[in-house]
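# Fold and geometry: a report
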Amino acid sequence: MKNLTLLVLTSTILFACKTPPERILIKLNKGQKYEQRIVLKSTITQTVSGRKMSTSTTSQGLNRYEVLAVDDSVYTFQVTYQSMKVHIEVDGGPTTQLKTPTTAVLEKLKGQSYQVKVTNTGRIVAVIGADSLFSKVTASIAGLTEEMRAKLSQNFIKAYGDSAIKSGNLQYANIYPQKIVKGGDTWRIQRAGGGDILSPAIDAIYKMDKITSHEYLVSMKSNLRLGSDVSSSPLFGLNMSGIMDSKNKIDKETGLITESKIKQDMIGSATILAGTPAMIGDSILMQIKGETTLINTLIK
């Protein structure tokens, strides 16, 4: 029995060593569809004049993707919103769910579509119609001044428009290595920036943890930085750093990321740049913690 166990163990090790390197590619056909569910939970803790305040946000989105065309190595997807919800709590207290222009926009998104062009290595090369979609939807919200309508549209476009979609895709696109890999291989991704809270500077190491008969298991560990020299807001200058880790599963047959779990923790400060003379220059201690879960399910 001891010899048999040793033989099985040796065979397993030899098989793992002989597993050939592979290239991870998206492999879908025209007409195929899948649903993407994203749940994002974040908590921002601020300490102002010794008082600690906490804001927790949970957003849930469900989109449907359909392959409209396949041109060589580029896929054209139609993305249709199924639902999008946002819940906010301040200092752990319950919030009253009021009808606001923001909730009205979220409700009107259902059934609205835009297009993305994605390479078979997961890179978005073009986003078509997301900006105009939010401009159209915000224009239909009643009871707003033109200034309020323009600001609402600008906020949604910044968070969910063409550029935001393309930028946000990078954390998933980078899961696909731009080379042939085998179990244990790593690849490094660096991104400059850090002037925008939505686009921190990143230094990440991805690792092919394991290749099974049906999926690739990829992990990521990264360092993040937000610089204080520039800011996405004229009111605050940010100086923060932290880490972001993820665990990811990719289906071997389709190349789809079936599951991605991301954790983020950043700490630092925000310096007030505008306001009353007494406030300018004051520093607010901040911590941002977040968890994101993405699940793609092929519709058969």
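Residues numbered from 1 in each chain as written. Predicted model: local features only at pLDDT ≥ 70, side-chain atom pairs only at ≥ 80, totals over all residues. Heavy atoms only, no water.

### Re the overall build of the protein chain
Rules: Only DSSP runs of H or I with at least four residues qualify as helices, and only runs of E with at least two residues qualify as strands; both kinds are numbered from the N terminus onward. For every residue, the accessible area (1.4 Å probe, protein chains only) is compared with the maximum for its type, and the residue is labelled buried under 20%, exposed over 50%, or partly exposed between those bounds. The contact rule is simple, with two residues in contact once any of their heavy atoms fall within 4.5 Å. Per-residue and other accessible areas were derived by the Shrake-Rupley procedure at a 1.4 Å probe size, with only the shown protein chains allowed to occlude residues.
For the protein chain, the helix and strand inventory stands at six helices and eleven strands. Expressed as a percentage of its 300 residues, the buried residues of the protein chain come to 34%. Across the protein chain, the fraction of contacts at a sequence separation of at least 24, relative to all contacts at a separation of at least 6, is 61%. Only carbon and sulfur atoms are counted for the fraction: they give 57% of the accessible area of the protein chain, which is about 17100 Å².

### Observations concerning the environment of Asp162
Checked against the element boundaries, Asp162 lands in helix H5 (residues 162-168). Leaving out residues up to four positions away in the same chain, Asp162 has contacts with Val127, Gly129, Ala130 and Asp131.

### Here we look at the packing of aromatic side chains
For clarity, the cut-off: Any two rings among Phe, Tyr and Trp, with Trp reduced to its six-membered ring, count as a pair given centres within 6.5 Å; such a pair is stacked if its planes are under 30 degrees apart, edge-to-face if over 60, and tilted if neither.
In total, this model carries ten aromatic pairs according to the counting rule given. Between Tyr34 and Tyr65, the ring centres sit 4.8 Å apart and the planes meet at 10 degrees, which makes this aromatic pair stacked. Of this pair, Tyr34 sits in strand S1 (residues 33-48) while Tyr65 is found in strand S2 (residues 51-71), placing the two residues 31 residues apart along the sequence. Tyr65 shares its class with Tyr34; the two are buried. Geometrically, the ring pair formed by Phe156 and Tyr160 is tilted, given 6.0 Å between the ring centres and 35 degrees between the ring planes. Linking Phe156 with Tyr160, this pair stays in helix H4 (residues 146-160), spanning four residues, or about one helical turn. Its relative accessible area of 6% is what places Phe156 among the buried residues. Through pairs of rings, three or more aromatic residues link up here, namely Tyr81, Tyr114, Phe134, Phe156 and Tyr160.

### Re the confidence of the model for the protein chain
Just so we agree on the cut-off: For every residue, the predictor assigns a confidence score, pLDDT, that lies between 0 and 100.
With 84% of its residues at a pLDDT of 70 or more, the protein chain shows a mean pLDDT of 86. No element of the protein chain has a lower mean pLDDT than helix H1 (residues 2-18), which averages 46, and none a higher one than strand S4 (residues 113-119), which averages 97. When the criterion is pLDDT under 50, residues 4-17 qualifies, and its contacts beyond four places in sequence or with other chains add up to zero contacts.

### Points about helix H2 (residues 101-108)
Restricting attention to buried positions, one finds in H2 the residues Ala104, Val105 and Leu106. Tucked into the core, H2 has its buried residues touching strand S3 (74-90), helix H3 (130-139) and H4.

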